[in-house]
Structures are given as structure tokens and as C-alpha cells.
Amino acid sequence: MAKGRDADARARMLTAARAAWARLDFAGLRAALSTPWEALPRAARRPLDGPVAEGLRRIEGPVAANPMSGALFLGGRRLAPPPPGAGGEPRPTDWIVQTFPSRLRYPAIAPIWYGERADLAAILTEALPRALMLDRDPEAAGAVALVGLPLARLDRMQEMLNAGVFAPRAVKAHAWDKVISAPRAWRPEAAPAAAELREGARRVREAFAGGARDVGPPVVLLPSVDGEAARALRAAAGRTGALALDPDATPLSRLVPALAAAPRILAADGRALAAALLASPGAAAALPAGGEAPISVASAMEIPPEILPHGATEPWLASGAVFVSR
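Here the residue index of a chain counts from 1 through its sequence in written order. Per-residue local features are limited, in this predicted model, to residues with pLDDT of at least 70; the limit for side-chain atom pairs, both in listing and counting, is 80 or more; totals at the level of whole chains, interfaces and linings are taken over all residues. In computing side-chain values, all of the structure's heavy atoms are included and hydrogens and water are not.

A. Structural context of the overall build of the protein. Scanning the protein from N- to C-terminus turns up 12 helices and 13 strands. Projecting the C-alpha coordinates of the protein onto the three principal axes gives extents of approximately 60 × 60 × 40 Å. Three labels apply to residues, based on accessible area from a 1.4 Å probe with only protein chains included: buried if under 20% of the type maximum, exposed if over 50%, partly exposed otherwise in between. Relative to its full complement of 326 residues, the protein shows a buried share of 47%. In what follows, residue pairs with any heavy atoms lying within 4.5 Å of each other are defined as contacts. Counted over contacts in the protein with a minimum sequence separation of 6, partners at least 24 positions apart contribute 76%. Only the protein chains shown count as cover for residues, with accessible areas throughout obtained via the Shrake-Rupley method and a probe of 1.4 Å. When the accessible area of the protein is evaluated, it comes to approximately 15200 Å², of which 58% is carbon and sulfur surface. Here a strand is any run of E in DSSP of at least two residues, a helix any run of H or I of at least four, and the numbering for each starts at the N terminus.

In C-alpha cells:
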């Protein structure tokens, strides 16, 4: 009996150790150790042949995806990357894992995000619309969308996956120590269309805000940073009855209903503005003087965002204010 309990305890400890190992990343160390590989002949890019249809490239394998960069390998050779607008390869290739691989295998794969900056903007303007791009090819219906670990770890990403926002597309968090292989792969070769950004935002709105809502107060999208500009925006929000929310720290169950009900949304910067995609169509959005709206976000919004002149932030918020008790 005691032996059985000891065996169960060892099994639980081993499971916990494996889970802790998988949560680690060692990205900086892995990138540094992989640098010498880039000078070797095997690191040379293999050109890609064949047409691209509807912004998607189908690659017949066996093909393997690297966990750090999402780079695809065919016959042991790394393929040329997609264009920067389609994701490129902003992170280095992990040659340690690629040379001594621990493999997972799926019937088909589609790397959709391995970027440098993991936040809500990356989900709304990159990962989610790229997943929707795969629907352009009916044959890609069974492809598993692969997401780099930094994005997969985000609370906002986990909330969306749990709410079924990506469904029926299967999404796999690409563990740092695994090479994922498949007989074929699909890869976006162009930036998502505005329609795919809008459809992604609509899915999030439906999952977390439901149907029509009463008009609420304006929202100021303000990352949790300090500084004179941030303090000024928080003060303006307080004086006009606006909600000041950090798009990367506010649960979607609170953020999305507030945005869906807001008549006006002021974003501190271009990445924060991406959350304004979650507003109801027809809501006004703006950036303070000196701000710049990402082209992808601006093109997907029904009303293009304004750039407010100096001193106009507070009057702009106040003109759409609906005072409520909080």
C-alpha cells in the first residue's frame, strides 16, 4: 500500500516537473546559443516554388515548424520566410531544438504568430485574423493553427480560447522545446484583410458582450504606465466620467462590454487603439496629438480614428460623456 502511495507521489512530482519545464522559455539563452548555426550551410534558405492562392501558401511536406520563430523546414532545410506584412520571422530560429528535436505531429499545421510583442493588439490584428485567413481555403479546415508561447500564455488569449472565439479552428500553443511536424502546412503570405480584422473583433464582442447594450461612458485605453502624458489622460478620464482601462490588464469580461457600450474611445497609442476594434460599429475613436493609428486598425474601423490637437482631448471625451455611478 505504501509502495503504491510512493509511486503515485513520484508520478505527481514528475508531472509537475514536466509542466514547470514546459512553462519555462530560456528565449535569450536559446537565441544566443543558436547564433553560430546561422553561419553554417544548413542554415541557408530553401526557396519556395508554387503559387500562392488567396494569400495562403500550401506547402507539401513532411514539414516542420520551429518553436521560436515559426520558421518552416522542408527536407531539413529552412524555407524562405513570408513577407513582413504576413508575419515574417521576427524572432531567431532555435537551432538547438531543431537539431535535437522532440516532436509533435499533426495532420496539418499553420503557423500564425511568433512575433516579438505579445499583447491584445497582437491577437486582434495578427493572430486572430490570420487564423480566419485559413478559412479562405476549404482544404485547410483541419489545419492546427500554431501560436508562439509568449502569446499563448497571455490571459487575454486564454480567455478567447476558452470562450471559443477561434472555434472551430484548433489552436496549439507551441511549447518552446517542441518541433511540430505535419504532412502539409498552410502559411499566410499576405497581411489579413480589413474584413478579417472586423470578423475577429465581432467574434470577441459576441463572446464577451452579447447583444445590444445601453450607451455607457467613454473609454480611455491607457496601458498601466506612468509619465506626464499618462497622468494627464487619467485626469481627463476622471473629469469627464470616462472609464480608464488598460487593454492588456483588464479581463475581457469587463473590457469588451465597456467598449461595446462606449460612444467614444480614446487610445493612448496605436497599439492600445487596436482594442477599439471591439467597440460597436459607429463608435468614434481618437488618439492624442502626436499619435499614429496602425494602417490595419484604421482600415478596419467603420469611422476612421481622429488625431486630436493639443488641448482637445478633454473636450472630445466630454462631448460624448454619459455620466454613470461607478
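B. Focus on the nonpolar core. One finds Met160, Val204, Val219 and Leu221 to be the most contacted residues of the largest nonpolar core, which totals 58 residues. A total of nine residues in this core trace back to one element, the largest contributor, which is helix 4 (residues 120-133). Contacts of Leu221, omitting those with residues within four sequence positions, involve Leu245, Pro247, Leu255, Leu259, Ile265, Leu266, Ala267, Ala268, Ala272, Ala275 and Ala276. Side-chain atoms within 4.5 Å are what join buried Ala, Val, Leu, Ile, Met, Phe, Trp, Tyr and Cys residues into a set we call a nonpolar core.

C. Geometry of the pattern of salt bridges. One speaks of a salt bridge when a side-chain nitrogen belonging to Lys or Arg is within 4 Å of a carboxyl oxygen belonging to Asp or Glu. The final tally for this structure, using the stated rule, is 16 salt bridges. The partner of Arg117 in a salt bridge is Asp119, and the shortest N-O contact between them spans 3.2 Å. Of the charged contacts in the structure, one is a salt bridge between Asp119 and Arg271, with a shortest N-O distance of 2.8 Å. In this pair, Asp119 is assigned in the loop between strand 5 (109-113) and helix 4 and Arg271 in helix 10 (residues 270-273), connecting sequence segments 152 residues apart. Here the salt bridges do not stand alone but share partners, grouping Arg58, Glu60, Glu139 and Arg184 into one network.

D. Geometry of the packing of helix 7 (residues 194-208) against helix 9 (residues 252-261). With axes taken as lines fitted to C-alpha atoms, and helix axes fitted only over the stretch in contact, angles between N-to-C directions fall between 0 and 180 degrees. Here helix 7 crosses helix 9 at 110°, and the two axes come no closer than 9 Å. In terms of axis orientation, helix 7 runs roughly perpendicular to helix 9. From helix 7, Val204, Arg205 and Phe208 reach across to helix 9, where they touch Leu252, Ser253, Val256, Pro257 and Ala260. A per-class count over the contact of helix 7 with helix 9 returns six nonpolar, one polar and one charged. What sets the label is the angle itself: under 35 degrees gives roughly parallel, over 145 gives roughly antiparallel, 65 to 115 gives roughly perpendicular, and the rest give oblique. Amino acids outside the nonpolar list (Ala, Val, Leu, Ile, Met, Phe, Trp, Tyr, Cys, Pro) and the charged list (Asp, Glu, Lys, Arg) are all regarded as polar, and Gly is one of them.

E. Here's a closer look at the side chain of Asp119. In this structure Asp119 comes out as buried when scored by relative accessible area, which is 5%. Pairs of N or O atoms within 3.5 Å make up the polar contacts considered here, provided that, within protein, one atom can donate a hydrogen while the other can accept it, and that residues adjacent in sequence are counted only when both atoms are side-chain atoms. Looking at Asp119, its side chain comes within polar contact range of the side chain of Arg117, at 3.2 Å. With sequence-adjacent residues up to four places away left out, Asp119 is seen in contact with Leu151, Leu154, Asp248 and Arg271.

F. View of the packing of aromatic side chains. A pair of Phe, Tyr and Trp rings is counted when the ring centres sit within 6.5 Å of each other, with Trp represented by its six-membered ring. The angle between the planes then sorts it: under 30 degrees is stacked, over 60 is edge-to-face, the rest tilted. In total, this model carries one aromatic pair according to the counting rule given. A ring pair is formed by Phe73 and Trp95, whose centres lie 5.5 Å apart and whose planes are at 85°; its orientation type is edge-to-face. Placement of Phe73 in strand 2 (residues 72-74) and of Trp95 in helix 3 (residues 95-99) is noted, with a sequence separation of 22 residues between them. Accessibility classification places Phe73 together with Trp95 in one group, the buried group.

G. Examining a nonpolar patch on the surface more closely. Each patch is assembled from residues with relative accessible area greater than 30% and no salt bridge, linking like charges that lie within 9 Å and nonpolar side chains (Val, Leu, Ile, Met, Phe, Trp, Tyr) that lie within 5 Å. Side chains of Phe26, Leu29 and Leu33 sit close together on the surface and give an oily, nonpolar patch of about 290 Å² of accessible area. By the element assignment, Leu33 lies in helix 2 (residues 27-34).

H. Examining the sheet that holds strand 10 (residues 243-245) more closely. Any two strands between which DSSP finds at least two bridges are classified as paired. The strand order 10-9-11-12-13 describes an open sheet built from five strands, whose pairing is parallel. Of all strands in the sheet, those bounded by a partner on one side alone are strand 10 and strand 13 (306-307). Each of strand 9 (219-221), strand 10 and strand 11 (264-267) is contacted by helix 9, which is oriented at about 135° to strand 10, the strand it contacts most.

I. Inspection of the packing of helix 6 (residues 155-163) against helix 7 at higher detail. For the pair helix 6 and helix 7, interaxial distance at closest approach is 10 Å and the crossing angle is 75°. Viewed along their axes, helix 6 and helix 7 adopt a mutual orientation that is roughly perpendicular. Listed contacts from helix 7 to Glu159, Met160 and Ala163 of helix 6 are Val204, Ala207 and Phe208. For the contact of helix 6 with helix 7, the residue count by class is five nonpolar, no polar and one charged.

J. Examining the environment of Ala175 more closely. On the secondary structure map, Ala175 appears in the loop between strand 7 (171-174) and strand 8 (179-188). Between the alpha carbons of Ala175 and Phe208 there is a distance of 28 Å; along the sequence they are 33 residues apart.

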